[in-house]
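# Coordinates in review
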Amino acid sequence: MARRAVHGILLLDKPLEISSNGILQRVRWLYQAEKAGHTGALDPLASGLLPICFGEATKFCQFLLDTDKTYLVTAHFGLRTDTSDAAGEIISRKPVTFDQAMLEQMMQQFRGPQMQIPTMFSALKYQGQPLYKYARQGIEVPREARPITIFRFELQQFDGEYASFLVHCSKGTYIRTLIDDLGETLGSGAYVSALRRIHVGPFDAAQMLTQEQLVPFNEKQDWAGLDALLLPMDLALTGLPELKLTEAQQKRLVHGQTVLLTESELADLGKESADAIKLYGPEQRFIGVASLDVGILSVRRLLNTSVWQTPVL
């Protein structure tokens, strides 16, 4: 059958031992969707929350890529691997000589704003090639340290060899690097033996659906049932200021023109400038995102007018 025009966000519980792109293509097939994209890859050895954006929702993937995330992490101390996770080759073995009190003390230095050097086994590019391709050839290339923030780094359990943590971090944080750095600081080495993402921006694990839950809808070709599982795309933008447009303002923006906001409208927003503002039409339909520069509104991303959503109550 022909692919369908599907629009919205699915919160998928990504299973282990499949890439994010692999499960994306599987779910896209289950939905028979024309277009889909994910918002932040998880390694095959990681599971958990993977928001999948369908259709017009892909225009707002970047907002979820840029948001905070939370993980449950299990670290194995005493061993270090070349990938900093269970998929890699063991490159060192050292005794674990610290206790829980020392572990918690060392964790303190990894909380808050800091600079982190990305792992070689990442999708970041150097001279047009992903770093992991160089790493697989045994080539190490220069990487610049990047600013990240660890908002929460909590020890949940430690048995002298394995430790479980909760990590709430900013975009761009590599959990494998965090655990590898912690292991080196403690003198034993460590790698990530299990990783599960439980929170992405405004979404949490309680809202997730599994691939298996989607299959019966596909088998019955119950497209309405599948579509009912999708969340409205403006939920990806939770936390952004909102602006209700007049008919005239909406028309100008749709035609690529700017809009000068009134003093009253600026007062309602509480600001004269902003990188991103959620836009709603006169009927409270979400229509896209704009930037605001000293009172002048300019379009960033607009939905196709044919798929403007049902009024938001």
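Residues numbered from 1 in each chain as written. Predicted model: local features only at pLDDT ≥ 70, side-chain atom pairs only at ≥ 80, totals over all residues. Heavy atoms only, no water.

## Let's talk about helix 8 (residues 247-254)
- Taken residue by residue, helix 8 has Gln249, Gln250 and Leu253 as its buried positions. The buried side chains of helix 8 occupy one side of the element, clustering within an arc of 100° when seen end-on. Away from its buried face by more than 90 degrees, helix 8 exposes Glu247, Ala248 and Lys251.
- For helix 8, the elements touching its buried residues are strand 14 (242-244), strand 15 (259-260), helix 9 (263-269), strand 16 (274-280), strand 17 (286-293) and strand 18 (296-302).
- Just beyond helix 8, the residue with positive phi is glycine 256, at close to 80°. (Buried < 20%, exposed > 50% of the residue type's maximum accessible area, 1.4 Å probe, protein only. Helix = DSSP H or I, 4+ residues; strand = E, 2+ residues; numbered from the N terminus. Arc of directions from axis to C-beta. Contact = heavy atoms within 4.5 Å.)

## Topic: the packing of helix 1 (residues 20-31) against helix 6 (residues 211-219)
- Relative orientation of the contacting elements helix 1 and helix 6 amounts to 25°, with a least axis distance of 9 Å. In terms of orientation, helix 1 and helix 6 fall into the roughly parallel class. The two elements helix 1 and helix 6 meet at a crossing, and its hand is left-handed. Together, Ile23, Arg26, Val27, Trp29, Leu30 and Tyr31 of helix 1 and Gln211, Leu214, Val215 and Asn218 of helix 6 make up the contact between the two elements.
- Grouping the constituent residues of the contact of helix 1 with helix 6 by class yields 7 nonpolar, 2 polar and 1 charged. (Axes fitted to C-alpha atoms, helices over the stretch in contact; angles between N-to-C directions. Parallel < 35°, antiparallel > 145°, perpendicular 65-115°, else oblique. Left-handed = near helix turned anticlockwise from the far one by under 90°. Nonpolar A, V, L, I, M, F, W, Y, C, P; charged D, E, K, R; others polar.)

## A look at unusual backbone geometry
- We note that glutamine 32 has phi near 55°; this positive angle belongs to a residue other than glycine.
- Summarising the element assignment, glutamine 32 is placed in the loop between helix 1 and strand 2 (36-38).
- Here the phi dihedral of glutamine 284 falls at roughly 65°; this positive angle occurs in a residue that is not glycine.
- Looking at the secondary structure, you find glutamine 284 in the loop between strand 16 and strand 17.

Interpretation in functional terms is not warranted from these geometric data alone.
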